[in-house]
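Below are the chains, spelled out letter by letter.
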Amino acid sequence: MATYIAQLIGPEGIRQTLEFEAANDSAAAQAANDGLDPLNGLWASVQRKPDPQQDLAFEYPDMR
């Protein structure tokens, strides 16, 4: 499972930011948009939370 960050967005801007886990990108998008009505101006932006371990690998490559 991966960690995702979802932002609930309305006409006035970002209303709420949530962090949750999902099995894959499709499941995350479906979970974040469940129950939202885009006709009322609500939608969700979903992105995968960056993995801090991956950032360390780029910052400190193996020195051989």
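Residues numbered from 1 in each chain as written. Predicted model: local features only at pLDDT ≥ 70, side-chain atom pairs only at ≥ 80, totals over all residues. Heavy atoms only, no water.

**Student:** Explain the overall build of the protein chain here, please?
**Tutor:** Counting its regular elements, the protein chain contains two helices and three strands. Taken from the N to the C terminus, the helices and strands of the protein chain come in the order β-β-α-β-α. For the protein chain, the proportion of its 64 residues judged to be buried stands at 16%. For the protein chain, the share of sequence-separated contacts (at least 6 apart) that also reach a separation of at least 24 residues comes to 43%. Entry remark: accessible area of the protein chain is about 5200 Å², with carbon and sulfur atoms responsible for 51%. (Helix = DSSP H or I, 4+ residues; strand = E, 2+ residues; numbered from the N terminus. Buried < 20%, exposed > 50% of the residue type's maximum accessible area, 1.4 Å probe, protein only. Contact = heavy atoms within 4.5 Å. Areas by Shrake-Rupley, 256 points an atom, 1.4 Å probe, with all protein chains shown as cover.)

**Student:** Is there a simple way to explain the environment of serine 45 in this structure?
**Tutor:** Mapped onto the fold, serine 45 is located in strand β3 (residues 43-48). Considering only alpha carbons, one finds serine 45 and threonine 17, 28 residues apart in sequence, at a separation of 9.4 Å. Not counting residues within four places of it along the chain, the set of residues in contact with serine 45 comprises Ile5, Ala6, Gln7 and Ile9.

**Student:** It is not clear to me how the packing of aromatic side chains should be interpreted in this structure. Could you clarify?
**Tutor:** By convention here, two paired aromatic rings are described through the distance between centres and the angle between planes. The full count for this structure, using the stated rule, is one aromatic pair. Plain terms: the ring middles of tyrosine 4 and phenylalanine 20 are 6.1 Å apart, the flat faces sit at 25° to each other, and that makes the pair stacked. In this pair, tyrosine 4 sits in strand β1 (residues 2-10) while phenylalanine 20 sits in strand β2 (residues 13-22), placing the two residues 16 residues apart along the sequence. Owing to a relative accessible area of 2%, tyrosine 4 belongs among the buried residues under this scheme. (Phe/Tyr/Trp six-rings, centres within 6.5 Å; stacked < 30°, edge-to-face > 60°.)

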